[in-house]
Each structure stands twice: as structure tokens, then as C-alpha cells.
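# Understanding the architecture of this molecule
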Amino acid sequence: NTITYSEDFSDASWDKTTGGTGLVAVATANTIISPNGTVNADTIVFNSGVGTTTADQSNIGKTISILNATTYTFSVYLKGLTGGEEILFRGSDGVYVKYVLTNEWKRYTFTSLSTSTVWTLSFGLRQGLSGIGTINSSASVYAYGAQVEENSYSTSYIKTIGTTQSRSADTANGAG
């Protein structure tokens, strides 16, 4: 996992970005029970403001070093406060994908082929994107377990606290 502080979106290493009429994303640590059964998931409030152009945005993300022309997968556990919240992910190729959250925990994944050696990964709200159009202007979501890996799929979650982490490959045993 190349994301540092994978469970603490309130940490200063997570960039809270804004533009246009948008407000800075606000992350509050340890507000709800995460998929692992403890109170260590965060609340993130996004608000892209009243505008409808690509300048109007509210995001959270990180800038990480990656290899060019390499496939990466970003994953994070999310759930909406009420369900129906629209969230955008920005891939290493700069392409955005929209996901509609439910009010249950789900691991959302996004895979892309890098086009440089730096990825400013982000998720949140951005208005007026070609092919996506106008989305909700505000969203309160719960987040847990962010992960980026050099792979075309996500593996089991690897927790980080301040440094990147790796482990032996996942294995599956049995005939089932």
C-alpha cells in the first residue's frame, strides 16, 4: 500500500483541495464503526458550492510517486450518510469515474494506466466534467482503508501508519 495514513483522512498528509465556489473538504477521524468492527472510520464532508463549472470542486487526495505506463488500482471503503451520494475518483491517467454510494460499506476500486511518474489521486466532488456533468453539490461520506497498489486489481487491505507497507502475496487454498 503506497498510501500513508490509510485510515486517517484527517491527517495533514491528505490534501484537502478546493476550487471555484467549493469549500475545503472536512475530515473528522474515528467517528463510526469501520468494516473491521472498531470505531476507526472517518467522516468526510464535501461541498463543491453553487457553481457548475470544472473549477467548482471539493476533494481529498494525495500526491504519490508511481512508475509511468504502469497499471495501478486505488481502493477505499466508503458509505454514504444516507445513500445516493455521488463521488468522483480521479485515476492516474487523469480520467474521472463517478460512483453512487449506498448506506452500506462497500470497497470502491478504480484501476488506471499511469501516464506519468506522479499521481495526484483524489476523490470527492467536481462539477461540469465532460461525460459526467453536474453531480450533487455536497456529500457527507464515511471512509476507511485507502489503498494504492501496482496491480490491475485490489488485494486484501494493508493498513499504513505514516509509511508505505507491503507483504507477501495473498494466497487462496481449497477447492471451493
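These figures come from a predicted structure and were not determined experimentally.

Calculation criteria
- In this numbering scheme, every chain counts its residues from 1 along its sequence in written order.
- The predicted nature of this model means local features are confined to residues of pLDDT at least 70 and side-chain atom pairs, given and counted, to a pLDDT of 80 or more, with totals for whole chains, interfaces and linings taken over all residues.
- By convention in this description, side-chain values take in all heavy atoms of the structure and omit both hydrogens and water.
- The helix and strand labels rest on DSSP assignments: H or I over at least four residues marks a helix, E over at least two residues marks a strand, and numbering proceeds from the N terminus.
- Here the globule rule is a power law, 2.2 Å times the number of residues to the power 0.38, and the radius of gyration is based on C-alpha atoms.
- Under the scheme applied here, a residue whose accessible area is under 20% of the maximum for its type counts as buried, over 50% as exposed, and between as partly exposed, the area being computed with a 1.4 Å probe on protein chains only.
- Only heavy atoms matter for contacts: two residues are in contact if any of them lie within 4.5 Å across the pair.
- For the accessible areas, the method is Shrake-Rupley and the probe is 1.4 Å, while residue cover comes only from the protein chains on display.
- Here a strand pair is declared whenever DSSP counts at least two bridges between the two strands.
- For every element, the axis is a line fit to its C-alpha atoms; helices are fit only across the contacting stretch, and the angle between N-to-C directions ranges from 0 to 180 degrees.
- Polar contact criterion, stated in full: a pair of N or O atoms within 3.5 Å, where within protein one must be able to donate a hydrogen and the other to accept it, and residues adjacent in sequence count only if both atoms are side-chain atoms.
- Just to be clear on terms, a salt bridge is a Lys or Arg side-chain nitrogen sitting within 4 Å of an Asp or Glu carboxyl oxygen.
- Any Phe, Tyr or Trp ring, taking Trp's six-membered ring, that has another such ring centre within 6.5 Å forms a pair; planes under 30 degrees apart are called stacked, those over 60 apart edge-to-face, and the others tilted.
- Residues belong to one nonpolar core when they are buried, are Ala, Val, Leu, Ile, Met, Phe, Trp, Tyr or Cys, and are joined through side-chain atoms within 4.5 Å.

Scanning the chain for helices and strands turns up zero helices and ten strands. For the chain, the succession of helices and strands along the chain, N to C, is β-β-β-β-β-β-β-β-β-β. In summary, the chain has a C-alpha radius of gyration of 16 Å against a globular reference of 16 Å for 176 residues, a match within 12%. Taken along its principal axes, the extent of the C-alpha atoms in the chain is 50 × 40 × 35 Å. Taken across its 176 residues, the chain has 47% of its residues classed as buried. In the chain, the share of contacts with a sequence separation of at least 24, taken over all contacts with a separation of at least 6, comes to 69%. Roughly 8100 Å² of accessible area belongs to the chain as shown, and the carbon and sulfur atoms make up 52% of that amount.

What follows is about the sheet that holds strand 5 (residues 71-80). What the five strands build is an open sheet, ordered 2-3-10-5-8; its pairing is antiparallel. Two strands lie at the open edges of the sheet, namely strand 2 (23-33) and strand 8 (106-113), each paired on one side alone. Here the average twist between neighbouring strands, direction ignored, is 35°.

As a further point, take the sheet that holds strand 7 (residues 96-100). Strand order in this open sheet of five strands is 1-4-9-6-7, and the pairing throughout is antiparallel. A single partner strand is all that each edge strand has here, and the edge strands are strand 1 (15-19) and strand 7. The sheet shows a mean angle of 25° between the axes of neighbouring strands, taken without regard to direction. In the sheet, strand 6 (residues 86-90) pairs with strand 9 (residues 118-126) via three bridges, with the strands oriented antiparallel.

A few words now on the side chain of Asn59. Locating Asn59 in the fold gives a position in strand 4 (residues 57-65). Polar contacts involving the side chain of Asn59 include one to the side chain of Gln57, which spans 2.9 Å. Excluding anything up to four places from it in sequence, Asn59 contacts Asp15, Lys16, Thr17, Ala25, Phe46, Ser122, Phe123, Gly124 and Leu125.

Attention now goes to the pattern of salt bridges. Counted according to the given criterion, the structure contains two salt bridges. For Glu7, the salt bridge identified is with Lys159, shortest N-O distance 3.9 Å. Of this pair, Glu7 sits in the segment before strand 1 while Lys159 sits in the segment after strand 10 (138-149), and the two are 152 residues apart along the sequence. Owing to a relative accessible area of 10%, Glu7 belongs among the buried residues under this scheme. A salt bridge links Lys98 to Glu86; the shortest N-O distance between them is 3.5 Å. Of this pair, Lys98 sits in strand 7 while Glu86 sits in strand 6, and the two are twelve residues apart along the sequence.

What follows is about the packing of aromatic side chains. Remark: the centre distance and the inter-plane angle together describe each pair of aromatic rings, the angle taken between the planes. A complete count under the given rule lists eleven aromatic pairs for this structure. Summarising the aromatic geometry, the rings of Tyr77 and Tyr144 are spaced 5.8 Å apart at their centres and angled 50° between planes, so their arrangement reads as tilted. Of the two residues, Tyr77 is situated in strand 5 and Tyr144 in strand 10; the sequence distance between them amounts to 67 residues. Exposure class is identical for Tyr77 and Tyr144. Each is buried. One aromatic cluster is present, formed by Phe9, Trp14, Phe46, Phe74, Phe89, Tyr99, Tyr108 and Phe123 through successive ring pairs.

Let us now look at the nonpolar core. If you look at the biggest cluster of nonpolar residues, it comprises 34 residues, and the most contacted ones within it are Phe9, Ile44, Phe46, Phe74, Ile87, Phe89 and Phe123. Counting residues per element, this core draws most heavily on strand 10, which supplies five residues. When residues no more than four places from it in sequence are discounted, the contact partners of Phe74 are Ile3, Phe89, Tyr108, Thr109, Phe110, Trp119, Leu121, Phe123, Ala146, Gln147 and Val148. Core analysis: the next-biggest nonpolar cluster, separate from the first, contains six residues, Ala41, Tyr77, Tyr142 and Tyr144 among them.

By themselves, these figures tell us nothing about what the structure is for.
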